[in-house]
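Structural description and commentary
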Amino acid sequence: MATNHALTSDENPNSSQLLATDQTNLDQTHNFGAQISGDTVTPNSLAETSDQDPKVNSYSKIDPRLPIVGMVFYSEEEAYNFYNSYARKRGFSVRKGHLSKRKDGSVQCRHYICSNEGKRQLHPTHITKKPRPLERTNCLARIEFTVNRENIWVVRRFSDEHNHPMASPNKACLLRSHRKKVQKERPVFAESDLYHGVRPDTAKEHEDMAETGTGTGTAMVSGTNCLRKKRVRDLEKGDTQLILDFLKKKQIEEPKFFYAVQLDEGERFTNCFWADAKSVADYTHFGDAVCFETSYHSSMYDLPVAMFIGMNNHKQIIVFGGALLLDETIESFLWLFKTFLAVMSGKQPETIFTNFSVAVSEAISAVFPMATHRICLWHVVNIACMHGQAQTFGQESSFRKEFENLIYGSEFETESGFCKGWDNVMMKYSLNGNSWFSDVLNVRQKWAPPYQCSSFAGIMASKDWYMIMGNLFKRHFYRKLPLGKFMVQYFKSITELREKEWLEDLETLRTRPVPLVDIPMLAEVADSYTQTVYIDFEHEYKSQLACICETLTVNGSMYTYRVSVPQKPYMGIVEFEPSEVKVSCSCKKFESMGILCMHALKVLNNNNILYLPGQYILKRWSKYAKDESENDALAVRGSENGRVWRKLVELMVKSSFCKEILGIVENGLDKFIGQMESLAQGLDTDEVNIGENLHSNPLDSNNISFEGFEFSTR
């Protein structure tokens, strides 16, 4: 074995000079350092190092990108870039640590450490009311360099022992040391963009549409399930072709992009729906509550744009799919909902929010019979303010404020309190004779909060959702856009929303909320919930400290308590079963929001339950809501995988609408699985177990078929 002639300061502590008796080997070592900091790694250029750390050296023979004691670099920038590049591949961030200089100011020693090194120090006198989430975990990973007077940097020590999760490859670029400062380009837009309502800060048109979205996919055209009446709107031939060309381009870019088109009797483009693989995966994890949004209209055709919107485990907006509707009849909505349900493997949402529409309501009853249909409060407030504007005579702002308080105020959480508050508002603003307010009151069971506590809604029934939806349309869909610009803006908005989601995922992975007090229950949920949901839970826990708990009845093993807040009008009746640690409250916060209310937490606290029972920590609000294996599967972009996936999607959608075809497909798959298992007997493959609890498709309609992948305007 050749001897490494680069001696470090560990071997000679009294010397900071690099002794090199063989300049050729020194140059080879430096060349390796230069090459490893780039994309190409040449193992043969590595000068063999000393045996100070056999574990590191043996691992380096397997992975030549690993830092090695004795590696040489000719500048600080080169040394830092190498270690930072390695950190990005591993999934952690780097910061500068210890620095030692000589009397003449030259660098003698420099440490680069993991950003999670150390721990937070408590201030000796100041007490922080709300500490920031903890990031430091006392991680010991680091690399240490010694520098001689010729500014040659040599690796003296390297440790790769991390005690925290690593960021995934697609999120590592968001870590602090890997963020690149890019000079902001000036947006390019024309006067026509301003005319059509594209904001200068979000409008940058690319002629080749290279940056429009993240999807590609499978195009399926509905040929037999056509409208049997004349559609409401007409599009010019060029606009129809523009939409289809755009969706076909998305299909080429990503194998898992899906779109379907509905035709009328004249085989003309009528409605279309699209979704990409990320949307389908998101629906798998967060499809319990869906908002079907149709308030935005595009272009001079006044074309309704439908979006299936949900919320992730950070309470952020996610989009499950989009659609363009030239016809707003019940037949169109039936086709759209059935197509959506087929793409989502037949999984129905627990709750679906829509605007006021008889056609939509009838279609939901037919396609989503197991879902609870609710009217979105965002629409109720906006439309109420529009109808009340004519009669408020300059009191619009005060009317909106009082009406919002009626909808979201805690003093109106009971049915009697809501009805009394409604009567007061109607009388104050002389709206008792308004037909719209009378009609909306008659259907209050579908939108008023006191009547909607039994089905899961998350934040979709809260004021937070009202503000989130308002910001979504104000920022991304400022005014009516032409169809081409709308499609571009739609996918740009999807990209921006997903970038924000990645940032929250990364922040949740890197940090941990600081509990209000050091008790087991708060520590447990801090490790389980995302940061945004933990804040909500902590608020409920703090609120229960001010509650009074009274025992009402004891029936066998069932205890009933009344939990109230002094000088507050609302209370909760809580039932508690000690043997199974089951608790339920009359306010139904857990059923509607997914976290326990202060009433239930008060009862658990009074009964010395120190840990939150596992059934009350919903996976959809946890840090682990998205199964990693499914994310890895979605990340596969290979052409072979993409072609197979497209064929499977086509097969799934075609068979889901016809029981006879479904039977043929199932028999064929059984034969295929048998052949596959016989071929794979001699291969070293992992065992795969398929669960029996897959979502069944409740659709019994067989009047939808998909014909081919090509479509041209007629």
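Not measured: the values here are computed from a predicted model. (Residues numbered from 1 in each chain as written. Predicted model: local features only at pLDDT ≥ 70, side-chain atom pairs only at ≥ 80, totals over all residues. Heavy atoms only, no water.)

Take the overall build of the protein next. Counting its regular elements, the protein contains 21 helices and 18 strands. Going through the 714 residues of the protein one by one, you find that 48% of them count as buried. Look at the contacts in the protein between residues 6 or more apart in sequence, and 66% of them connect residues 24 or more apart. Only carbon and sulfur atoms are counted for the fraction: they give 52% of the accessible area of the protein, which is about 36,500 Å². (Helix = DSSP H or I, 4+ residues; strand = E, 2+ residues; numbered from the N terminus. Buried < 20%, exposed > 50% of the residue type's maximum accessible area, 1.4 Å probe, protein only. Contact = heavy atoms within 4.5 Å. Areas by Shrake-Rupley, 256 points an atom, 1.4 Å probe, with all protein chains shown as cover.)

Moving on: the UniProt feature "domain: SWIM-type" (unreviewed entry) in the protein. UniProt annotation of "domain: SWIM-type" (unreviewed entry) refers to residues 570-608 when read in the numbering used here. Each end of residues 570-608 is marked by a C-alpha atom, and these two atoms are 25 Å apart; helix forms 36% of the span and strand 28%. (UniProt positions renumbered as here; feature names shortened; annotations may be inferred.)

Attention shifts here to the packing of aromatic side chains. To describe a pair of aromatic rings, one takes the distance between the centres and the angle between the planes. Tallied over the full model, the rule gives 41 aromatic pairs. A centroid spacing of 5.2 Å and a plane angle of 80° characterise the contact between phenylalanine 399 and tyrosine 429, whose relative ring orientation is edge-to-face. Highlighted residues: phenylalanine 399 in helix α10 (residues 396-408) and tyrosine 429 in the loop between α11 (415-428) and α12 (435-442), separated in sequence by 30 residues. The pair formed by phenylalanine 399 and tyrosine 429 is uniform in burial state, with each residue classed as buried. Their ring planes at 55° and their centres at 5.9 Å tell us that tyrosine 529 and phenylalanine 537 sit as a pair that is tilted. The pair tyrosine 529 / phenylalanine 537 is uniform in exposure class, with both members buried. Members of the aromatic cluster, each reached through a chain of ring pairs, are Phe258, Phe273, Tyr283, Phe292, Phe308, Phe320, Phe333, Phe337, Phe340 and Phe368. Directly above the aromatic system of phenylalanine 491 lies the positively charged group of lysine 250, at a separation of 4.4 Å from the ring centroid. Its end group placed over the ring of tyrosine 283, lysine 347 keeps NZ or CZ at 5.6 Å from the ring centre. (Phe/Tyr/Trp six-rings, centres within 6.5 Å; stacked < 30°, edge-to-face > 60°. Lys NZ or Arg CZ within 6 Å of the ring centre and 35° of its normal.)

The subject of this paragraph is the nonpolar core. Judged by nonpolar contacts, the single largest core of 101 residues is most densely connected at Trp274, Leu324, Phe403, Trp447, Trp465, Tyr529 and Leu612. For this core, the element with the highest residue contribution is helix α14 (residues 483-510), accounting for eight residues. Beyond its immediate chain neighbours, meaning those up to four positions away, phenylalanine 403 contacts Val380, Val381, Ala384, Trp422 and Phe437. Grouped together as the second largest cluster of nonpolar side chains are 31 residues, Ala260, Phe308, Phe340 and Ile352 included. (Core = buried A, V, L, I, M, F, W, Y, C linked by side-chain atoms within 4.5 Å.)

Before going further, it helps to spend a moment on the environment of isoleucine 609. Examined against the element boundaries, isoleucine 609 turns out to sit in the loop between α18 (598-606) and α19 (628-634). Placed 89 residues apart in sequence, isoleucine 609 and proline 520 show a C-alpha to C-alpha distance of 9.8 Å. Setting aside residues no more than four positions away along its own chain, isoleucine 609 makes contact with Met521, Phe576, Val581 and Leu604.

As enumerated under the stated definition, the model contains 25 salt bridges in all. In this structure, the salt-bridge partner of lysine 626 is glutamate 501, at a minimum N-O distance of 2.8 Å. Residue lysine 626 is located in the loop between α18 and α19, and its partner glutamate 501 is located in helix α14; the two are separated by 125 residues in the primary sequence. Exposure class is identical for lysine 626 and glutamate 501. Each is buried. Each of Lys278, Asp282, Glu501, Asp505 and Lys626 takes part in salt bridges that share partners, so that together they form one network. (Salt bridge = Lys/Arg side-chain N within 4 Å of Asp/Glu carboxyl O.)

A word on helix α15 (residues 520-528). Of all the positions in α15, only Met521, Leu522, Ala523, Val525, Ala526 and Ser528 are classed as buried. Here the buried face of α15 lies against α16 (531-544) and α18.

Below, the discussion takes up the pairing of strand β12 (residues 317-325). With nine of its nine residues buried, β12 lies for the most part within the structure. Note that strand β8 (residues 269-275) and β12 share four bridges and pair antiparallel. Its bridge partner lying in β12, asparagine 271 is registered against leucine 325. Looking at chain direction, strand β11 (residues 303-311) and β12 are connected through seven bridges and run antiparallel. (Pairing = 2+ DSSP bridges.)

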